[in-house]
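# Report on the structure
Listed here are the chains, written in short residue letters.
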Amino acid sequence: MKVTVFGIGYVGLVQAAVLAEVGHQVLCVDVNAERVENLKKGIIPIYEPGLTPLVEKHFASGYLNFTTDAQAGVLHGDVQFIAVGTPPDEDGSADLQYVLAVAKTIATYMQSPKVVIDKSTVPVGTADKVKAAIASVLAERGQQLDFDVVSNPEFLKEGAAVNDCMRPDRIIVGTYDERPKDLMRELYEPFNRNHDKMIFMDVRSAELTKYAANCMLATKISFMNEMANLAELLGADIEAVRKGIGSDPRIGYHFIYPGCGYGGSCFPKDVQALIRSSEQMGYSPKVLQAVEAVNNKQKYKLPELIKQHFDTELAGKTIALWGLSFKPNTDDMREASSRVLMEQLWAAGVKVQAYDPEAMEETQRIYGVRDDLTLVGTKEAALKGADALVICTEWQQFRAPDFDLIKSQLRQAVIFDGRNLYDPRRLAQRGFIYYAIGRGETVRKPS
């Protein structure tokens, strides 16, 4: 099939590459000329395992191409994906200007029937607006062309997006009627062979499904962080509690890891957007409001522990920081806990020596050159002469470090662990002061 993808950010590029992998002819359209030219040279704007070789392979084969020519994109594909950004407005609601601009562009240039697929995460009712925008432009042109608008939300995990796209758990498709269903089955047939993963529903239900899924996952994280804070006050160990409740199949182990708060491009934005949508309908979503409030507070957990430990002697200290991205296997720092931490430390007069396997360039882009930020090439280099080690991201290479080396390089044997990577009692036996999330007051300091 001939497929056009508008927007070659995270969602659009992964979807395009995977569609090309199974044999569809994909043309990607973006307004960013530099990004388009870089992609043609094999320069990928994001870090995502497995994505770069896929893009390079199918650009070379001709199954995947990139352009800034919107008209060429519209004329190319019978299927038109809208995968542009929906950044939060000032009030937290999703900004639909780019989605609707693409809809109008498709309507301006289309000469034959099209199926327009909303892939961007959008509020309930967006498909109606896309449909109305296309109909309005076609009416202005005096054209009577058939088109269908379909809601087909993505459920990709950053760091595992290529695999998620190749082997989806489910394929949600929201339609107004029966007409586009056969085409959607044909489009996704290569991903639907093992068993039928396609779930058809109305467009509004499909739009809400995406938000509901992300908000449910965010709720589990905030709930566990709430329990972790309670565990500290009660002298309990949240890791033992986690294993105890996770063994219940009705709860399970996924997304019940306490930490220093969730981040990224999805959970914070989607929780906020669904809150705003609810409020616009006159409904106050108490649970979602609590999820957001708990997460915002949790991001200040590590700064508070550090300030508490050093008391009034924080200014002039140096902190080693392991992990800058909001989660492992990505360079994405949007809403990352590391950002709150660093900004709080800088405000207190602290210098940061940081290392991350992938997010160093992104950190430099966000913060530029600063006297109180040193980005180093290895996790060991970050330790040298620092007063304490802080862990913000659970990268695999941080899980089994050389603790003797850490102790020898730090001025004080102190670790603040925002991801609960280590055993508190073992670290206490090694002479470390170890602060974690919800591990109980009794295991914080060596006896």
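Residues numbered from 1 in each chain as written. Predicted model: local features only at pLDDT ≥ 70, side-chain atom pairs only at ≥ 80, totals over all residues. Heavy atoms only, no water.

## Let's talk about the pattern of salt bridges
Summed over all chains, the structure comprises 23 salt bridges. With its nearest N and O atoms 3.3 Å apart, the salt bridge here joins glutamate 21 to lysine 57. With a gap of 36 residues between them, glutamate 21 in helix α1 (residues 10-21) and lysine 57 in helix α3 (residues 51-61) connect regions that are remote in the sequence. A relative accessible area of 28% places glutamate 21 in the partly exposed class. When its relative accessible area of 46% is taken as the criterion, lysine 57 is described as partly exposed. Across the pair glutamate 178 and lysine 181 runs a salt bridge whose closest N-O atoms are separated by 3.0 Å. Residue class for lysine 181 comes out buried when judged on its relative accessible area of 14%. A single network of salt bridges, built from pairs that share partners, joins Asp146, Asp148 and Arg179. (Salt bridge = Lys/Arg side-chain N within 4 Å of Asp/Glu carboxyl O. Helix = DSSP H or I, 4+ residues; strand = E, 2+ residues; numbered from the N terminus. Buried < 20%, exposed > 50% of the residue type's maximum accessible area, 1.4 Å probe, protein only.)

## Regarding the state of the cysteines
One pass over the structure, following the stated rule, counts zero disulfides. Lacking any disulfide linkage, cysteine 165 is separated from the closest cysteine sulfur, that of cysteine 28, by 12 Å. Here cysteine 165 falls in the buried class, since its relative accessible area comes to 9%. Cysteine 260 carries a free sulfur, and the closest cysteine sulfur to it, the one in cysteine 392, is 4.5 Å from it. Residue cysteine 260 is classed as buried on the basis of its relative accessible area, which comes to 1%. (Disulfide = S-S within 2.5 Å.)

## As for the UniProt feature "binding site: substrate" (unreviewed entry) in the protein chain
Per the UniProt entry, the sites bearing "binding site: substrate" (unreviewed entry) are Phe155, Leu156, Lys157, Glu158, Lys210, Phe255, Ile256, Tyr257, Pro258, Gly259, Gly263 and Lys327 in this numbering. Of the residues just listed, which span 173 residues, the most distant C-alpha pair is 24.1 Å apart, and they do not cluster in one region. Considering the arrangement of structural elements, one finds lysine 157 in the loop between β6 (147-151) and α7 (161-166). What lysine 157 contacts, discounting residues up to four positions off in sequence, is Tyr10, Glu48, Asp164 and Lys327. Tracing the chain through its elements places glutamate 158 in the loop between β6 and α7. Residue glutamate 158 is classed as buried on the basis of its relative accessible area, which comes to 8%. Apart from the residues lying within four places of it in its own chain, the contact partners of glutamate 158 are Tyr10, Glu48, Ser265, Phe326, Lys327, Thr330, Asp332 and Arg334. (UniProt positions renumbered as here; feature names shortened; annotations may be inferred. Contact = heavy atoms within 4.5 Å.)

## Quick word on the side chain of aspartate 30
Within the fold, aspartate 30 resides in the loop between β2 (25-29) and α2 (33-40). No salt bridge is formed by the buried aspartate 30; its nearest oppositely charged neighbour, arginine 35, is found at 4.4 Å. At 3.0 Å, the side chain of aspartate 30 forms a polar contact with the backbone nitrogen of isoleucine 8. Not counting residues within four places of it along the chain, the set of residues in contact with aspartate 30 comprises Gly7, Ile8, Arg35, Val36, Thr67 and Thr68. (Lys, Arg positive; Asp, Glu negative; His and termini not counted. Polar contact = N/O pair within 3.5 Å; in protein donor to acceptor, adjacent residues only side chain to side chain.)

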